[in-house]
Amino acid sequence: MVVIGLEIHAQLKTGQKIFCECPTNYREEEANENICPVCTGQPGSKPMALNQKALGSVIKIALALQCELKRDILIQRKHYFYPDLPSGYQRTSKPIGINGKLGNVRIREVHIEEDPGRYELRKGTVDYNRSGIPLIEIVTEPDIKSPEEARQFLEELNAILGYLDVGRDEPGSSRIDANLSIDGGTRVEVKNINSFKGVYTALMYEKVRQQNMLRRGAEVIMETRHFDEVSGTTVGLRKKETEEDYRYFPDPDIPPVLVTKEMIEGVKKEIPELPRQKSDRFVSDYRIKPDDAWILVSEIELANLFESMSKELKGKEQAIASWIRGPLKKQLNYRDLTFKSSGLIKNDSVLLFKEFSSGFITDDGMEKALIEMLDKKIGYSDVRLTLNLGKINDSLELEGIVDEIIAKNPKPVEDYKVGNEKSLNFLVGQVVKETEGRADSKAVKEIIIKKIKAKN
Amino acid sequence: MVWYFMDKEILQRVASTARIQLTEAEIEELSKDMDDILKHFAEIKNIRTEEEMYYVYDTENPLRKDAKGHAENAFGIKDQFTKKEGKHLSAPKSIK
Amino acid sequence: MAANFDIEKRLEQIIANIKKADPEVKAFIDVFDVDAKARAKEVKEKIKEGKGGKLAGMLIAIKNNIAIKGKRMTCSSKMLDTYYAPYNATVIEKLEMEDAVIIGTTNLDEFACGSDTTHSAMHWTRNPRDVSRVPGGSSGGSAAAVAADMCDAALGSDTGGSIRCPSAFCGVVGFKPTYGAVSRYGLGDMAMSLDQIGPIAQDVETAERVFDVIKGKDKKDPVTAVYEEKENDVKVVGIPKEFFEGVDPKIAKVTKNVIQKLEKEYEIVEVSLPSLKYAIPTYYLLMFAEFSSAMQKYDGLRYGSVADRTKELYQAFEEVRGHSLGKEVKRRILLGTYITMKEFKESWYTQTLKARKLIQNEFKSVLEQCDILAGPAMPVLPWKFGEKMDPVEMYSADILTVSANLVGLPAGVVPVGDISGLPASVQIHGRHFEDKSVFEIMRKLEE
């Protein structure tokens, strides 16, 4: 029995850093440009008051995760030495939200902390542009039962962060530490996972590694392992002599911040309908399949697309849902895009979908159009001008082409005759290719079958 | 019965946590000094109250409104780096 | 400022005094004669045009743990011997805005760790009243500079008495504001919940003028957010009997006589502060803990002493900290680290916080019966160099000054008499944010 717990660190979207007024666009600047005496720990520097937007974001996330809120925000110092830590301690708060839940997974606590700088171990260089960016840390109970469950949990969490518009979307803006143990055995910590996707890979590898050890009768040692993204493996670090004593104590420079009712009410107003609720509503209001609904809500822009399309094209809700979660999502996933980042706009999607569902263009034509739109970043009307997409409705024309293809491909015809379905699909594909996607594959299939039978 | 708060072994651990290298002579002298000081201050352990004082005032710290960011003194700060590597701060390498 | 006051002449005089007296007193670390002359010229013009700021013409020396942009901020340590502050402390910005001229930086105990400035890694400073004796500390350089007329006023910092002790020992006026009255942005941390910057001057009026400029809320130090100057009619002066326990009888006598003079205008009552017996351990243990945290930033990478990049990471840190920090500094860091370590925290650090609460509660309740507390500033006269070598002995000398920091109260010292040529001073405590009341009594005692 696998037991997994997660600690997620996600950067929060703000204009200024958590305890100073430096800019937060650390990826765009050259090293050590977005710095000041505070975030580089200069002698005599002091933290400024806590960034209000950062705190608001943490409270928002805590509420979305159904946490109870604590009354006070208490910032502590966590002491250790490392080149990326300019003051020799990290400012991190005590829990702000506790006892939350996301799906079946209990949330132990969420709190706020400051990001250290970037230290390249192998090069021996440090850049403090990132030092002081606000982070939320979300800690789960060890309620996750498999790498797959972990992946699903993180997908939903990611969707929520997107809905709340509190996070940053860049690579490396979330870091995850995962704990895994098997059958109540020793717990191993895996650090350095830099993406939600990497978590699945890391946990799969670690689960298998531990299972193999147990099978061999070897002992799994309690340790911290490092996830290597390139090889997809976890690697043991050199063991530390003693466990780190961080000597936590309250930061005297930062007296407590009271979480007021006004603050909470203000934040609550900004929380939109969240993925789970939206999905349930889609199922009941639009009568679409729950599986489809769940995929639609994974990204708020996608969910909004579905809703506005459904409002415009009444009666076609399930077809729209299937189209979005099917062909559209397929092309987006292939390009590692979200709907938001794809450049597609609602009106184009509506046009394309209309022509497709009315039968004006075929499946393949629709896919072709999507590809053009995504790769060339043009609208549907432009695609219609440059590509000939209209479905061939003239059966004579179709039959003519089918005859050609059958003539050119005697072997596949013979193979089909003896029962090879794949050959039939091949022939269909050739016709579709010949017509540049304008032939409807279903109709073509029927014609081919008819013709081959007739030949007999 | 010998009762002490600080000895050479404990001091070694403390120095390691505080990342300060000490010579043999320093360990010898400091462990005695520190034990002496702690013994003098040990009367504080007699206090039996419950309330602890973490902050001087009971009022709350204000929050700071977020705005467009601006850096400050970046050039002067970089100038003080004890060793640079281009625009980066140079630090010892850590091979894994 | 009178229109015929010539700041350039005064600066010349000051620099001459420095040249004459400082080779022996050694109050200064760096003297900015070139910059000061240029600035004095500018300010002179402004004064002529009647546009001079509130401190126009005042020549001020700054304790070297306060950041002045482009100048060395050594904190009297090898660790920061080569550190040039890339920014200004808020107090410096405020002084310059009011046309004060900063003439140099003064010596201190290394990282403010000490009560006599002998722990400086730079050099010793001597008491201008008797050069065989210490000037007190940790702001010994600032107090000596004022006492020897090498500046018009100076800034010091006070964590457990570091302004008041040297002011008393050198026979000048020193004031520690209410915690949060003056911004600490730019002050090298010693103990974050105890530190304050304050003025040292020859007379109360000058000290107050400087305080009025440096006080106030600062967004760069959120601890000042609560600052709100409170006016109060002083009616009752309390004399805590514990303030006289263990004090040199000559000092006690002089102090009592002077305080009695206040009877004419104020009601004098005897009060009691039994928790004072915990003041020294509470102060020192708390300060050790906070100091050890404040010192974590010194790893030889971003500023100061150079860490050896060819060494293994932690080795590099351990070496630079071992080599560049002085003995007293190391002792305090190690003690602070010890009492906050997991295994020792409950029995030491937590106890300290309890003791602090006890002391705070007691002072607050006593200050409900009276507006002001009065007593001697220091329990002993300035000692000779080499006399107080034992740490515990030295720590105990702070018994009268640490409470003001533990509770956050404003406290000032004013010289009131002479004991065989050495100054004796009275210390006045007030309630939180009633700094003005303290100044009022100090003025009365000065007369």
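Now for a look at the structure at hand.

What counts as what
- Residues numbered from 1 in each chain as written.
- Chains lettered and ligands numbered in written order.
- Predicted model: local features only at pLDDT ≥ 70, side-chain atom pairs only at ≥ 80, totals over all residues.
- Heavy atoms only, no water.
- Contact = heavy atoms within 4.5 Å.
- Buried area = accessible area lost by both parts, 1.4 Å probe.
- Salt bridge = Lys/Arg side-chain N within 4 Å of Asp/Glu carboxyl O.
- Polar contact = N/O pair within 3.5 Å; in protein donor to acceptor, adjacent residues only side chain to side chain.
- Helix = DSSP H or I, 4+ residues; strand = E, 2+ residues; numbered from the N terminus.
- Pairing = 2+ DSSP bridges.
- Axes fitted to C-alpha atoms, helices over the stretch in contact; angles between N-to-C directions.
- Expected span 1.5 Å × (residues − 1).
- Buried < 20%, exposed > 50% of the residue type's maximum accessible area, 1.4 Å probe, protein only.
- Arc of directions from axis to C-beta.

## Comments concerning the interface of chain C and chain B
Then, number 1: Every contact between the two is made by 77 residues of chain C and, on the other side, 55 residues of chain B.
Then, number 2: When chain C packs against chain B, the two sides together hide about 5,600 Å² of surface, and 66% of this comes from carbon and sulfur.
Then, number 3: Of all residues in chain C, the largest losses of buried area upon contact with chain B belong to Arg-309, Leu-334 and Trp-348 of chain C, amounting jointly to 13% of the total for that side.
Then, number 4: At the boundary of chain C with chain B, the tally comes to 7 salt bridges.
Then, number 5: Between Glu-26 of chain B and Lys-330 of chain C there is a salt bridge, and its shortest N-O distance comes to 2.8 Å.
Then, number 6: Remark: the boundary between chain C and chain B carries 25 residue pairs in polar contact (both at pLDDT 80 or more).
Then, number 7: At the level of secondary structure, the elements contributing two or more residues to the side of chain C that touches chain B comprise α8 (279–294), α9 (313–324), α10 (327–340), α11 (342–369), α12 (391–396) and α13 (402–407) of chain C.

## Re the sheet that holds strand β4 (residues 153–158) of chain C
All names here are of chain C.
Then, number 1: Spatially, 11 strands are ordered β1-β3-β2-β4-β6-β5-β10-β11-β9-β7-β8 in an open sheet, and the strand pairing comes out mixed. Of all strands in the sheet, those bounded by a partner on one side alone are β1 (28–31) and β8 (267–271). Averaged over all neighbouring strand pairs, the angle between strand axes comes to 30°, with direction disregarded.
Then, number 2: Strand contacts of helix α6 (residues 204–214): β2 (59–63), β4, β5 (173–176), β6 (196–201) and β10 (411–419), with the helix running at about 150° to β6, the strand carrying the most contacts.
Then, number 3: With respect to the sheet, α11 is in contact with β7 (236–240), β8 and β9 (372–376), its orientation differing from that of β9 by roughly 110°.

## Focus on helix α5 (residues 275–286) of chain A
Residue and element names in this part refer to chain A.
Then, number 1: The end-to-end C-alpha separation of α5 is 15 Å, in line with the 16 Å expected for 12 residues at 1.5 Å each.
Then, number 2: Taken residue by residue, α5 has Pro-275, Lys-278, Ser-279, Phe-282 and Tyr-286 as its buried positions. Projected onto a plane normal to the axis of α5, the buried residues spread over an arc of 100° and lie on a single side.
Then, number 3: Tucked inside the fold, the buried residues of α5 contact α2 (147–164), α6 (290–296), α7 (300–312) and α8 (317–334).

## Some remarks on the interface of chain C and chain A
Then, number 1: Counting from both sides, the interface comprises 40 residues of chain C and, opposite them, 37 residues of chain A.
Then, number 2: Roughly 3,000 Å² is buried in total at the junction of chain C and chain A, and carbon and sulfur atoms are behind 55% of that figure.
Then, number 3: The largest per-residue losses of area from chain C upon contact with chain A belong to Gln-296, Lys-297 and Arg-302 of chain C, which jointly make up 20% of the total buried on that side.
Then, number 4: Run the count over chain C and chain A and you get 3 salt bridges.
Then, number 5: In this structure, Glu-21 of chain A and Lys-219 of chain C form a salt bridge, with 3.0 Å as the shortest nitrogen-oxygen distance.
Then, number 6: Where chain C touches chain A, the interface holds 19 residue pairs in polar contact (both at pLDDT 80 or more).
Then, number 7: At the level of secondary structure, the elements contributing two or more residues to the side of chain C that touches chain A comprise α8, α9, α10 and α11 of chain C.

## Some thoughts on the sheet that holds strand β2 (residues 88–90) of chain B
Then, number 1: The strand order β8(A)-β9(A)-β2(B)-β1(B) describes an open sheet built from 4 strands, whose pairing is antiparallel. Edge positions in the sheet fall to β8 (118–120) of chain A together with β1 (84–85) of chain B, since each of these pairs with one other strand and no more.
Then, number 2: Pairing geometry for β1 of chain B and β2 of chain B, over 2 bridges, is antiparallel. Directly across from Lys-84 of chain B, in β2 of chain B, lies its bridge partner Leu-89 of chain B.

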